[in-house]
Amino acid sequence: MDNEAEPYVRVATRDELEELVYMNQRAFYRSPPQTFFSGVTTPLKTDKSDFKRQNKQRKFLRFLFRRSWSYGARVTVVVIPPATENEKERIAASAIWRPPITAEHKPPSMVAALRLGLIPVLAAWGYGALKRITELIHASESSLDKGFEARQLHGTPDDAWYLQLMCVDPDFQGKGFMSKLIREAFGHTPDAIFTLESTTPYSRGRYEHFGFQVVEEVIVGKGKADSGGVVASGEAATGFTIYPMIKS
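What counts and what doesn't
All chains use their own residue numbering, which begins from 1 and follows the written sequence. It should be noted that, the model being predicted, local features are given only for residues of pLDDT at least 70 and side-chain atom pairs only at 80 or more, the latter also being counted only at that level, while totals for whole chains, interfaces and linings use all residues. For side-chain calculations, the full set of non-hydrogen atoms in the structure is used, while hydrogens and water are omitted. For patches, a residue must show more than 30% relative accessible area and have no salt bridge; joins then use 9 Å for like charges and 5 Å for nonpolar side chains, namely Val, Leu, Ile, Met, Phe, Trp and Tyr. Shrake-Rupley sampling with a 1.4 Å probe provides the accessible areas, and residues are treated as covered by the protein chains on show and by no other component. For this analysis, a salt bridge means a side-chain nitrogen from Lys or Arg found within 4 Å of a carboxyl oxygen belonging to Asp or Glu. Note on classification: 1.4 Å probe, protein chains only; a residue is buried when its accessible area is under 20% of the maximum for its type, exposed when over 50%, partly exposed between these limits. A run of H or I in DSSP becomes a helix once it reaches four residues, and a run of E becomes a strand once it reaches two; helices and strands are each numbered from the N terminus. The rule for pairing is simple: two strands pair if DSSP sees at least two bridges between them. In protein, a polar contact requires one atom able to donate a hydrogen and another able to accept it; more generally it is a pair of N or O atoms within 3.5 Å, and residues adjacent in sequence count only if both atoms are side-chain atoms. Contacts are assigned to residue pairs with any non-hydrogen atoms lying within 4.5 Å of each other. Axis angles are defined between N-to-C directions and span 0 to 180 degrees, where every axis is a line fitted to C-alpha atoms and, for a helix, only to the segment in contact. Working definition: roughly parallel below 35 degrees, roughly antiparallel above 145 degrees, roughly perpendicular at 65 to 115 degrees, and oblique for all remaining angles. For a crossing to be left-handed, the near helix must be turned anticlockwise from the far one by less than a right angle; the clockwise case is right-handed. Each residue is assigned to one of three groups, with Ala, Val, Leu, Ile, Met, Phe, Trp, Tyr, Cys and Pro labelled nonpolar, Asp, Glu, Lys and Arg labelled charged, and all others, Gly among them, labelled polar. Grouping buried Ala, Val, Leu, Ile, Met, Phe, Trp, Tyr and Cys residues that are joined through side-chain atoms within 4.5 Å yields what is termed a nonpolar core. The pairing test for Phe, Tyr and Trp rings, Trp by its six-membered ring, is centres within 6.5 Å, and the orientation test on the planes gives stacked under 30 degrees, edge-to-face over 60, and tilted for anything in between.

Points about a nonpolar patch on the surface
Inference 1: On the surface, Met110, Leu114 and Ile119 cluster together to form a nonpolar patch covering roughly 260 Å² of accessible area.
Inference 2: The exposure class of Leu114 is partly exposed, given its relative accessible area of 31%.

Focus: the pairing of strand β2 (residues 74–80)
Inference 1: In terms of residue burial, β2 counts as a mostly covered element, since six of its seven residues are buried.
Inference 2: Note that strand β1 (residues 8–11) and β2 share four bridges and pair antiparallel. Across the sheet, the residue bridging to Tyr8 is Val79, located in β2.
Inference 3: Strand direction decides the pairing type here: β2 and strand β3 (residues 90–98), joined by seven bridges, are antiparallel. Opposite Val78, over in β3, you have Ala93 as the bridge partner.

A look at the pattern of salt bridges
Inference 1: Counted according to the given criterion, the structure contains eleven salt bridges.
Inference 2: In this structure, Arg90 engages Asp171 in a salt bridge whose closest nitrogen and oxygen atoms are separated by 3.0 Å. In this pair, Arg90 is assigned in strand β3 and Asp171 in the loop between β4 (161–168) and α6 (177–188), connecting sequence segments 81 residues apart.
Inference 3: Of the charged contacts in the structure, one is a salt bridge between Glu135 and Lys224, with a shortest N-O distance of 2.6 Å. In this pair, Glu135 is assigned in helix α5 (residues 128–151) and Lys224 in the loop between β7 (218–220) and β8 (240–247), connecting sequence segments 89 residues apart.
Inference 4: Take Lys224: its relative accessible area is 41%, and that puts it in the partly exposed class.

Let's talk about the side chain of Asp50
Inference 1: Tracing the backbone through its elements, the reader meets Asp50 in the loop between α2 (32–38) and α3 (51–70).
Inference 2: With relative accessibility at 9%, the residue Asp50 sits in the buried group.
Inference 3: At 2.8 Å, the side chain of Asp50 and the side chain of Arg53 are in polar contact.
Inference 4: Each residue touching Asp50, except ones within four places of it in the same chain, is listed here: Pro43, Leu44 and Lys45.

Focus: the packing of helix α1 (residues 17–28) against α3
Inference 1: It is at 9 Å that the axes of α1 and α3 come closest, and there the two elements cross at 125 degrees. The angle between the axes of α1 and α3 places the two elements in the oblique class. Considering only the axes of α1 and α3, their crossing is right-handed. For the pair formed by α1 and α3, the contact residues are Leu17, Glu18, Leu20, Val21, Tyr22, Asn24, Gln25 and Phe28 on the first element and Gln54, Gln57, Arg58, Leu61, Arg62, Phe65, Arg66 and Trp69 on the second.
Inference 2: Tallied by class, residues from the contact of α1 with α3 come to eight nonpolar, four polar and four charged.

Describing the nonpolar core
As a rule of thumb, nonpolar side chains are buried together in soluble globular proteins.
Inference 1: Ranked by size, the top nonpolar core spans 37 residues in total, and within it Leu20 and Phe60 carry the most contacts.
Inference 2: What Leu20 contacts, discounting residues up to four positions off in sequence, is Ala12, Phe65, Trp69, Val75, Val77, Ile91 and Ser94.
Inference 3: Among the nonpolar cores identified, the runner-up in size contains 23 residues, and Met178, Leu181, Phe212 and Tyr243 belong to it.

Side note on the packing of aromatic side chains
Inference 1: Following the criterion strictly, the structure yields nine aromatic pairs and no others.
Inference 2: Ring geometry for Phe36 against Phe240: centres 5.5 Å apart, planes inclined by 65 degrees, an arrangement best described as edge-to-face. Of this pair, Phe36 sits in helix α2 while Phe240 sits in strand β8, and the two are 204 residues apart along the sequence.
Inference 3: Taking the relative accessible area as the measure of exposure, Phe36 reaches 3% and is therefore buried.
Inference 4: On the basis of relative accessible area, Phe240 is assigned to the buried category, the value being 2%.
Inference 5: Seen from their ring centres, Trp97 and Phe194 are 5.7 Å apart, and the 80 degrees between their planes marks the pair as edge-to-face. Pair noted here: Trp97 is in strand β3 and Phe194 is in strand β5 (residues 194–198), with a separation of 97 residues, a long-range link.

Geometric values such as these leave the question of function open.
Here it is in structure tokens:
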């Protein structure tokens, strides 16, 4: 086609869950946080030989999206329009934006979380996964609290829009899709405070480009995991770095 339609941002629908799960997995095969949550002793492989462990990660991602939708998170996607009538749209990037926590928009209870898919996650990764997930959440929340106080911002991090997860399909990286998602969010709530935690120096730099500031570097999993989130001990158990960030 000579006049191909441009990729655009829209809100995802729940019937796109599986496409979102598989696309996010392609982007997060070696994610230090998700590797740490899983408690694996060797890095996840991307080929079919590691199907069982890949399936366990997909259970986590399904739960994450279902949980996010349950309390009103905005799940936005960059969509590539079909080139021909016989093709379908393809999701090339996605973001989960948690809204400010209110009586209407608050994370589900543990009972509700179990119904949303936490049980398969615990069956796959063990109950220790909850402890590991909580460790990262508490480390990030504590840092963001300090960031709000140091910047004398109104309210708390619970009053901000929090970027829970953002990814670009590896097939479409370098095309500005991350920028599209961020600009759409800023346009949706232009006066809001935004928070996130970056997990790589590269993504930290990209977020800094959009006005996010690093509160501090936080080490997660020290003494238990290596820099990639894989279970480790001794000198190899350095933990991995996350970068809590704020845009006000």
